[in-house]
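Coordinates in review
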Amino acid sequence: GTVYFERVAPLLRALDEAGDVMHPEATARGLLRVTAPGDLGRVLMERVTRQFLPLHRGLKLEVSLTDRHVNLIREGFDIAVRAGDAVDSELNGRLLARLPLVLAASPAYLAAHGAPADKAALAHHDHVRYMLDGKPFPVRFADGSQLSPQGVFDADSGVATRIAALGGLGIVQMLRFAIQDDIDASRLVPVLPGLAPPMVPVHALHPFGRH
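Residues numbered from 1 in each chain as written. Predicted model: local features only at pLDDT ≥ 70, side-chain atom pairs only at ≥ 80, totals over all residues. Heavy atoms only, no water.

Some remarks on the pattern of salt bridges
- Enumeration according to the criterion identifies seven salt bridges in this entry.
- Between Arg 68 and Glu 75 there is a salt bridge; the shortest N-O distance is 3.1 Å.
- The partly exposed category is assigned to Glu 75, whose relative accessible area is 32%.
- Between Arg 187 and Asp 182 there is a salt bridge, with its nearest N and O atoms 2.8 Å apart. (Salt bridge = Lys/Arg side-chain N within 4 Å of Asp/Glu carboxyl O. Buried < 20%, exposed > 50% of the residue type's maximum accessible area, 1.4 Å probe, protein only.)

Here's what the structure looks like:
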């Protein structure tokens, strides 16, 4: 039944889109189900609720903020906003932005352990690691190299890794915008700031036609 549904769902959606051409392009209506990571969703939701929805009164938005990569067709979502390379060949994607990563640690951790002077020293520090699909996300650099250090705290949530880093457990790598307020308030301090940060693509993915 699931296989049959996954085959016919795009065809049914195509019929809906054929009817959409009879309406003005600026008209958005109906239910739109969106999934996004917690950190991205936290930033996006203010503009969605204050700017986007007031322009489209006929649209109902249902949002799931989770770092888990949901199956859009099987779980009935229309759009996924995801950070990282888009590898699902069954989904259509649009690049929204490229955002920088940053390595950071709390002042308490750096006072106790010192700041790493280079990549080699970074491997010997405690790390707070982000888990994606059950695997720790490696520390990446703009030159294409990467490091897979041992973690003292692993979580599949950006919220959890931020809290662990603030608590002094170790060095964390996160999208810079997610912890910029902590950096500005000196609750977290960038580590190896002389290295150019890698950029992470952010895509909007959807499983149906290009509309």
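Considerations on helix α2 (residues 38-55)
- Taking 1.5 Å per residue as the helical rise, α2 with its 18 residues ought to reach 26 Å, and the 24 Å between its terminal C-alpha atoms agrees with that figure.
- Of all the bends in α2, the greatest measures close to 45° and is centred on Val 48. (Helix = DSSP H or I, 4+ residues; strand = E, 2+ residues; numbered from the N terminus. Expected span 1.5 Å × (residues − 1). Bend = angle between axes of the 7 residues up to and from the residue.)

Focus on the side chain of Asp 78
- Relative to the assigned elements, Asp 78 resides in the loop between α3 (72-75) and β3 (79-83).
- For Asp 78, the side chain forms a polar contact with the main-chain nitrogen of Arg 33, separated by 2.8 Å. (Polar contact = N/O pair within 3.5 Å; in protein donor to acceptor, adjacent residues only side chain to side chain.)

Considering unusual backbone geometry
- In this structure, Ser 186 takes a positive phi of about 65° despite not being glycine.
- A positive phi is found at Leu 192, a non-glycine position, where the angle reads about 50°.
- Turning to its location among the elements, Leu 192 is positioned in the loop between β11 (189-190) and β12 (199-206).
- Since its relative accessible area comes to 11%, Leu 192 is described here as buried.

Description of helix α6 (residues 158-166)
- Among all positions of α6, only Gly 158, Thr 161, Ala 164 and Ala 165 are buried. Buried residues of α6 fall within an arc of 125° about the axis and therefore sit on the same side.
- Its buried side turned inward, α6 meets α2, β5 (127-132), β9 (151-155) and β10 (171-175).
- A positive backbone phi angle near 85° is found at Gly 168, which sits one or two residues after α6. (Arc of directions from axis to C-beta. Contact = heavy atoms within 4.5 Å.)

Thoughts on the packing of aromatic side chains
- Counting across every chain of the model gives zero aromatic pairs.
- Geometry around Phe 77 places Arg 33 over its ring, the cationic atom sitting 4.2 Å from the centre.
- Over the ring of Phe 141 we find Lys 119; its NZ or CZ atom is 4.5 Å from the centre of that ring. (Phe/Tyr/Trp six-rings, centres within 6.5 Å; stacked < 30°, edge-to-face > 60°. Lys NZ or Arg CZ within 6 Å of the ring centre and 35° of its normal.)

Description of the side chain of Thr 35
- Looking at the element boundaries, Thr 35 is found in strand β1 (residues 30-36).
- Using a relative accessible area of 4% as the deciding quantity, one classes Thr 35 as buried.
- Among the polar contacts listed, one links the side chain of Thr 35 to the backbone oxygen of Ser 64, at a separation of 3.4 Å.
- Leaving out residues up to four positions away in the same chain, Thr 35 has contacts with Ser 64, Thr 66, Val 70, Phe 77, Ile 79, Ala 80 and Val 81.

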